[in-house]
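Descriptive analysis of the structure
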Amino acid sequence: AMTGGSISLATGSGVASTSGAVRIKTSDAGTTGVSGSIVFSTGTTSSGSSGLVKISTGNAVTGRTGNIVLSVGQGTVDTGGDVIATSGDTTAQTGGSISLSTGTGTVKSSGSVVVRSSNAGTLGVSGFLKFTSGTTSSGSSGAIVIATGAATVGKGGDILLSVGAGTASIGGHVRVSAGNIDDTTGGSVSLSTGHGSTKSSGGVVIKTYDAGTLGVSGGLIFSTGTTSSGASGMTKISTGNAAGGKA
């Protein structure tokens with residue numbers, strides 16, 4: 001009927017210097033084995049939530065707070081080890097989420113999030129980044145939202161999509177495709193500028209880059225798809241109405 005006993009492991013404090021460290025490691029493997037694993041897990045429950053696993057560094061009164069580093073050791077023969085973060089599954093409710101947030105700065109900037117693959121070796125290609133939502137058997141699949149925050153005094157942040165420069169082959173592409181569907185209308189692609197409440201709205205510029213000394217500049221093609229039954233789509237270019245001014 002009572003709570004089981006706890007295990008507390010604490011190092012010695014340093015009154016005027018550094019406190020002691022805690023080190024947990026397995027010994028090195030032999031010539032034909034693998035080194036041991038380290039497992040941190042909480043027990044199962046028959047009623048209620050299971051216990052949490054918390055890794056955190058302490059506060060710093062005058063100085064920088066400590067880092068939390070997750071890293072995989074180097075190898076020489078096989079592929080590198082993975083870092084896998086998976087939230088919990090459930091049978092009756094929504095599955096667990098993964099939240100990644102930077103620290104706030106009370107009077108300065110908040111922290112940044114950098115997601116990148118490392119540079120490739122001399123004979124390989126750099127790793128790709130993939131952001132996808134899961135499939136569904138009933139209902140809509142999850143959305144992917146990339147947005148910058150609002151600015152009370154200042155400019156809203158930019159969103160930049162760019163392809164790196166190359167030296168040997170053709171340049172990389174930027175492709176935007178809407179979803180396909182069998183029974184109803186396919187998805188749309190909408191490109192809209194921001195509006196100005198008391199000033200001008202933003203502009204849309206579609207252009208190809210200037211040609212080099214031995215080439216031609218790229219073309220612009222606006223076309224609708226073909227149809228096997230019925231009329232094909234129209235292409236419409238128009239300006240807006242002007243309430244007090246020239247259209």
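All residue numbers refer to positions counted from 1 along the written sequence of the respective chain. Totals for whole chains, interfaces and linings use every residue, but because this is a predicted model, local features are given only for residues with pLDDT of at least 70 and side-chain atom pairs only at 80 or more, for both listing and counting. Values shown for side chains rest on all heavy atoms present in the structure; no hydrogens or waters enter the calculation.

1. What to know about the overall build of the chain
Counting from the N terminus, the helices are the DSSP runs of H or I reaching at least four residues and the strands are the DSSP runs of E reaching at least two. A count of helical and extended segments in the chain gives 0 helices and 0 strands. Over its C-alpha atoms the chain spans a radius of gyration of 28 Å, topping by over 25% the 18 Å that the globule rule assigns to 247 residues. Considered along the principal axes of its C-alpha atoms, the chain spans approximately 80 × 50 × 45 Å. Categorising residues by exposure relies on relative accessible area from a 1.4 Å probe, with only protein chains included: less than 20% of the type maximum marks a residue as buried, more than 50% marks it as exposed, and the intermediate range marks it as partly exposed. Counting only residues that meet the buried cut, the chain has 0% of its 247 residues in that class. Contacts are assigned to residue pairs with any non-hydrogen atoms lying within 4.5 Å of each other. Sequence-distant contacts in the chain: of pairs separated by 6 or more residues, those separated by 24 or more amount to 0%. Residue burial considers only the protein chains on display, and all accessible areas are found by Shrake-Rupley using a 1.4 Å probe. Here the chain has roughly 24,300 Å² of accessible surface; of this, 51% comes from carbon and sulfur atoms. The positive count covers Lys and Arg only, the negative count covers Asp and Glu only, and His and the chain ends enter neither. For the purpose of locating charges, the reference atoms are NZ of Lys, CZ of Arg, CG of Asp and CD of Glu. Where the 13 positive side-chain charges of the chain centre and where its 8 negative ones centre are 17 Å apart. Based on C-alpha atoms, the radius of gyration is set beside the globule rule, defined as 2.2 Å times the residue count to the power 0.38.

2. Side note on the environment of Ile98
Residue classification places Ile98 among the exposed positions, given a relative accessible area of 58%. Along the chain, Ile98 and Ala10 lie 88 residues apart, while their C-alpha atoms are 30 Å from each other. Not counting residues up to four positions away in its chain, the partners in contact with Ile98 are Ala85, Thr86 and Ser87.

3. Observations regarding the pattern of salt bridges
What makes a salt bridge here is a side-chain nitrogen of Lys or Arg within 4 Å of a carboxyl oxygen of Asp or Glu, nothing more. In total, this model carries 1 salt bridge according to the counting rule given. Residues Asp158 and Lys155 are paired through a salt bridge, measuring 3.5 Å at the closest nitrogen-oxygen approach. Both residues of the pair, Asp158 and Lys155, count as exposed.

4. Details of a nonpolar patch on the surface
Grouping into patches uses exposed residues only, defined as over 30% relative accessible area, and leaves out salt-bridged ones; the cut-off is 9 Å for like charges and 5 Å for nonpolar side chains (Val, Leu, Ile, Met, Phe, Trp, Tyr). A grouping of Leu9, Val22, Ile24, Ile38, Phe40, Val53, Ile55, Ile68 and Leu70 is seen on the molecular surface, where their side chains present a nonpolar patch of about 1,000 Å² in accessible area. Its relative accessible area of 68% is what places Leu9 among the exposed residues.

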